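The chain contents come next:
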Amino acid sequence: MRTFFNSLFPPQASNLAPKVDAIYFALLGLCGFVALLVCLAILFFCVRYRRGSGADRTPPKWRQRPFELAWTITPFFIFLGLFFWAAEVFFGMSRPPRNATEIYIVGKQWMWKIQHPDGRREINELHIPIGQPVKLIMTSEDVIHDFFIPGFRNKQDVVPGRYTTEWFTPTKAGSYHLFCAQYCGTNHSRMVGNIYVMEPAEHAKWLAGQPAPDSLIAAGERAFRNRGCSGCHAPNAAIRAPLLDGIYGKQVPLSDSSLVTADDQYLRNSILLPNKQIAAGYEPIMPTFQGQIDEQELNAIIAYLKSLWEGDVR
Ligand SMILES: [Cu+2]
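Residues numbered from 1 in each chain as written. Predicted model: local features only at pLDDT ≥ 70, side-chain atom pairs only at ≥ 80, totals over all residues. Heavy atoms only, no water.

### Quick word on the domain arrangement of the protein
Piece 1. Each domain of the protein was delimited in the assignment, giving domain 1 (1-47 + 96-211) and domain 2 (216-307).
Piece 2. Centre-to-centre separation of domain 1 and domain 2, based on C-alpha positions: 32 Å.
Piece 3. Taken together, the 17 residues of domain 1 in the interface contact 11 residues of domain 2.
Piece 4. Summing both sides of the interface, domain 1 and domain 2 together bury roughly 1300 Å²; the carbon and sulfur share of this comes to 46%.
Piece 5. If you sort the residues of domain 1 by the area they bury against domain 2, Tyr104, Gln115 and Tyr163 come out on top, with a joint share of 46%.
Piece 6. For the pair domain 1 and domain 2, the interface holds 1 salt bridge.
Piece 7. Across the pair glutamate 102 and lysine 306 runs a salt bridge whose closest N-O atoms are separated by 3.1 Å.
Piece 8. Where domain 1 packs against domain 2, one counts 8 residue pairs in polar contact (both at pLDDT 80 or more).
Piece 9. Elements with a contribution of two residues or more to the side of domain 1 that touches domain 2: strand E1 (101-108), strand E2 (111-115) and strand E5 (134-140).
Piece 10. Looking at side-chain class alone, the side of domain 1 that touches domain 2 contains 5 nonpolar, 6 polar and 6 charged residues. (Domains from an automatic or database assignment. Contact = heavy atoms within 4.5 Å. Buried area = accessible area lost by both parts, 1.4 Å probe. Salt bridge = Lys/Arg side-chain N within 4 Å of Asp/Glu carboxyl O. Polar contact = N/O pair within 3.5 Å; in protein donor to acceptor, adjacent residues only side chain to side chain. Helix = DSSP H or I, 4+ residues; strand = E, 2+ residues; numbered from the N terminus. Nonpolar A, V, L, I, M, F, W, Y, C, P; charged D, E, K, R; others polar.)

Listed below in structure tokens is the structure:
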């Protein structure tokens, strides 16, 4: 029985899994209970009021309004309760903790390209230590994909042209299936992989066995020079362009006198679609890098821009 259940149901391997399962089973139980009640009532009435039975069919004399109010209001509050319960879990799932490790994911027909903050790359595999929260920052090179780890109970579309995130804290060591959960073409069903959750010591050993990586920030800094960004954005540049130190998370005034938060999406648009949002007080002379910089290089540049604090010397 236990193995049968396990084969139907993925393991609970993240902090989110027990919460999602609790809602799932509560809904299942509630719906099952109501369905059972209705079925029993049908059976009972079928027999009691069958043709030819001598059951009393005169309208009841007791007042029906309180009865109807009760069966309307009770489910209303039950459903409202379910709503707030699920909303609470959902909000938790969409707010990664600040200390989460940021891992970049690029989906592509038909593989997952994964990059750690220290620059290590993996394909269709992700090795992470147990107990450390992980935030995935995801985008796609082509069509819509979806990063789904059943054992962690979270699932998020991966959309070209923008960043989506999901987070989790792995709580159980082991290997867990990764699926693409959005039909994305011929080999969609092969767009799968494994998440390896390891004990910290084991993870450290695994890390030591990997080739020394070039950190994402260092790669971003190099790209920032090689692509000529620093030619305009450095403090001593001849061209007037905004300094990018400490830009991440700031409120940036735009030329249409609106304010926008400089998040991943804003930085991405600034690089690929520079004329979409112009920083206030500057000429729209930045060239677009659309089609020249691929998603992974873009991730590196954004990681680099995020690493710059106010007053950094470049
Ligand atoms: Cu896919």
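### Some words on the packing of helix H7 (residues 264-272) against helix H8 (residues 295-307)
Piece 1. Between H7 and H8, the shortest axis-to-axis distance is 10 Å and the interhelical angle comes to 120°. On the basis of the axis angle, H7 is oblique to H8. As for how H7 packs across H8, the hand of that crossing is right-handed. Across the interface between the two elements, Asp264, Leu267, Arg268, Ile271 and Leu272 from H7 touch Glu295, Leu298, Ile301, Ile302, Leu305 and Lys306 from H8.
Piece 2. For the contact of H7 with H8, the per-class residue count stands at 7 nonpolar, no polar and 4 charged. (Axes fitted to C-alpha atoms, helices over the stretch in contact; angles between N-to-C directions. Parallel < 35°, antiparallel > 145°, perpendicular 65-115°, else oblique. Left-handed = near helix turned anticlockwise from the far one by under 90°.)

### Observations regarding the coordination of the copper ion
Piece 1. Summarising the metal site, the copper ion is bound by the protein donors His145 (ND1), Cys180 (SG), Cys184 (SG) and Met191 (SD), whose distances to it range over 2.0 to 2.5 Å.
Piece 2. Of note, the donors binding the copper ion are all from one chain and are spaced H-x34-C-x3-C-x6-M. Of this pair, histidine 145 sits in strand E6 (residues 145-149) while cysteine 184 sits in the loop between strand E9 (174-180) and strand E10 (192-198), and the two are 39 residues apart along the sequence. Residues histidine 145 and cysteine 184 agree in their burial class; the two are buried. (Donors = N, O, S within 2.8 Å, 3.2 Å for Na, K, Ca; no water. Buried < 20%, exposed > 50% of the residue type's maximum accessible area, 1.4 Å probe, protein only.)

### Some remarks on the sheet that holds E9
Piece 1. Spatial strand order, E4-E10-E9-E6-E7: 5 strands in an open sheet with mixed pairing. Pairing within the sheet leaves two strands with one partner each, and these edge strands are strand E4 (125-129) and strand E7 (154-158). Sheet twist, expressed as the mean angle between neighbouring strand axes with direction ignored, is 20°.
Piece 2. The pairing of E4 with E10 spans 5 bridges and is classified as parallel. When the bridges of E10 are listed, histidine 127 appears paired with tyrosine 196.
Piece 3. Strands in contact with helix H4 (residues 200-208) are E4 and E10; relative to E4, the strand with the most contacts, it is inclined by about 130°. (Pairing = 2+ DSSP bridges.)

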